[in-house]
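Read off the chains here:
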Amino acid sequence: MNDAPEEVTDLEPPLDQGEWAGWSVWSGRQPFVEHVGPFYTRRAADGNMECGCVARPEMLNGQGVVHGGALMAFADHAIFQIAYDQLRGLQGLTVSLNGEFLSAASANARLIGRGEVLKAGRNLIFIQGLLKADDVPTLGFSGVVKVLRHHH
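Quick summary incoming for the structure in this document. (Residues numbered from 1 in each chain as written. Predicted model: local features only at pLDDT ≥ 70, side-chain atom pairs only at ≥ 80, totals over all residues. Heavy atoms only, no water.)

1. Section: the sheet that holds strand 1 (residues 24-25)
Applicable threshold: Here, any two strands with at least 2 DSSP bridges between them count as paired. The helix count covers DSSP runs of H or I at least four residues long, the strand count covers runs of E at least two residues long, and both are numbered beginning at the N terminus. When checking whether two residues touch, look at their non-hydrogen atoms; a contact exists if any pair is within 4.5 Å. Inter-axis angles, ranging from 0 to 180 degrees, are taken between N-to-C directions of lines fitted to C-alpha atoms, where helices are fitted over the stretch in contact.
Here we have seven strands laid out as an open sheet, ordered 1-2-3-5-6-7-4, and antiparallel in their pairing. Because the sheet does not close on itself, it has two edges, and the strands there are strand 1 and strand 4 (92-101). Contacts between helix 2 (residues 68-82) and the sheet are confined to strand 2 (40-43), strand 3 (49-54), strand 4, strand 5 (110-120), strand 6 (124-133) and strand 7 (136-147), with strand 4 contributing the most and set at about 130° to the helix.

2. Things to note about the state of the cysteines
A disulfide bridge is the covalent bond that connects two cysteines by way of their sulfur atoms. Selection rule: Only a pair of cysteine sulfur atoms within 2.5 Å qualifies as a disulfide here. Residue burial is assigned from relative accessible area. The probe radius is 1.4 Å, only protein chains are included, and a residue is buried under 20% of its type maximum, exposed over 50%, and partly exposed in between.
By the definition in use, this model includes zero disulfides. The thiol of Cys51 is not disulfide-bonded; the next cysteine sulfur, from Cys53, is found 7.9 Å away. For Cys53, a relative accessible area of 1% gives the class buried.

3. Some words on the side chain of Thr41
Spelled out, the test is: Within 3.5 Å is the distance limit for a polar contact, defined as a pair of N or O atoms, with the added protein rule that one can donate a hydrogen and the other accept it, and that residues adjacent in sequence qualify only through two side-chain atoms.
Inspection of the secondary structure assignment puts Thr41 in strand 2. Judged by its relative accessible area of 1%, Thr41 falls in the buried class. Separated by 3.2 Å, the side chains of Thr41 and Gln81 make a polar contact.

4. Brief notes about the packing of aromatic side chains
Under the convention used in this document: Ring geometry is summarised as follows: Phe, Tyr and Trp rings, the Trp one being its six-membered ring, pair when their centres sit within 6.5 Å, and such pairs are stacked at plane angles under 30 degrees, edge-to-face over 60 and tilted between the two.
One pass over the structure, following the stated rule, counts three aromatic pairs. Ring geometry for Trp20 and Tyr40: centres 4.5 Å apart, planes at 10°, overall stacked. One end of the pair, Trp20, is in the segment before strand 1; the other, Tyr40, is in strand 2, and 20 residues separate them in sequence. Ring geometry for Phe39 against Phe74: centres 4.9 Å apart, planes inclined by 75°, an arrangement best described as edge-to-face. Separated by 35 residues along the polypeptide, Phe39 in the loop between helix 1 (31-36) and strand 2 and Phe74 in helix 2 bring together distant segments of the chain.

Given below as structure tokens:
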């Protein structure tokens, strides 16, 4: 029996050039994510999933830095990527999402979200992570995902 995690199936093939070479575009058929994205995902060298995006001008607030809501939206996306192996292709809903703003993110910053699953039960997955903007810790986040199980 092979216990290795299956590769991500809702991703396009990895890009072979450019700033996001080696990353896949997440294509989970969500209009909001497609509107604010693109969001990228890859399996890091340590085996964990990580996600990234570029802070586009539309994400900025009146002070010229990335809006807190945009950071939280990206964190909401990140908790699902971090819990990818625990979800095993099932869908989920965010039950809780908490964030601590650590520093501002500038326009065109490269945002990277990484984290870990603290606990994965049958119905709930607890995740914590850190979003960095150009390698500067920007948002600490934690969340709970409810696993949706469709009964036939």
